[in-house]
Amino acid sequence: MNASDVLDLFRKTNLNLVPAVDKRPVGQWKKFQNIKITELELKSLLKSEFNGVGIVLGGEDKIECID
């Protein structure tokens, strides 16, 4: 998955996506447990090297995830 794919997924799903390296988030992500990430913030994080994508859980959506 590349940065363009991640941005397309973000636009389609509006989930709090963050890039990850070996299941560890890239950059500061905890604040997104309470607020939605913006496209600009996501683009900034996607400038780092990553090999996966995570979904930040919590907040108003109360999403659950199975790994």
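Please refer to the structure placed before this passage.
Residues numbered from 1 in each chain as written. Predicted model: local features only at pLDDT ≥ 70, side-chain atom pairs only at ≥ 80, totals over all residues. Heavy atoms only, no water.

Caption draft 1: Quick peek at unusual backbone geometry. Notably, Asn 14 is not glycine yet its phi reads approximately 55°, a positive angle. Note that Asn 14 resides in the loop between α1 (3–13) and β1 (17–21). For Asn 14, a relative accessible area of 43% gives the class partly exposed. Positive phi values are uncommon outside glycine, yet Asp 22 reaches one of about 50°. Within the secondary structure layout, Asp 22 lies in the loop between β1 and β2 (24–25). (Helix = DSSP H or I, 4+ residues; strand = E, 2+ residues; numbered from the N terminus. Buried < 20%, exposed > 50% of the residue type's maximum accessible area, 1.4 Å probe, protein only.)

Caption draft 2: Summary view of α1. Listing the buried residues of α1 in full gives Val 6, Leu 7 and Phe 10. Across the axial projection of α1, the buried residues extend over an arc of 100°, all falling on one side. Packing partners of the buried residues in α1 comprise β1, α2 (39–45) and β3 (52–55). Sitting at the head of α1, Asn 2 places a side-chain oxygen 3.0 Å from the backbone nitrogen of Ser 4. Once α1 ends, the next one or two residues include Asn 14, with phi positive near 55°. (Arc of directions from axis to C-beta. Contact = heavy atoms within 4.5 Å. Polar contact = N/O pair within 3.5 Å; in protein donor to acceptor, adjacent residues only side chain to side chain.)

Caption draft 3: Broad picture of the pattern of salt bridges. The full count for this structure, using the stated rule, is 4 salt bridges. A salt bridge links Lys 31 to Glu 41; the shortest N-O distance between them is 3.3 Å. Residue Lys 31 is located in the loop between β2 and α2, and its partner Glu 41 is located in helix α2; the two are separated by 10 residues in the primary sequence. Glu 39 serves as the salt-bridge partner of Lys 43, at 3.9 Å between the closest nitrogen and oxygen. With Lys 43 and Glu 39 both in helix α2 and 4 residues apart, this pair spans about one turn of that helix. A relative accessible area of 26% places Glu 39 in the partly exposed class. Taken together, the salt bridges that share partners define one network made up of Asp 8, Arg 11, Glu 39 and Lys 43. (Salt bridge = Lys/Arg side-chain N within 4 Å of Asp/Glu carboxyl O.)

Nothing here speaks to function; it is all geometry.
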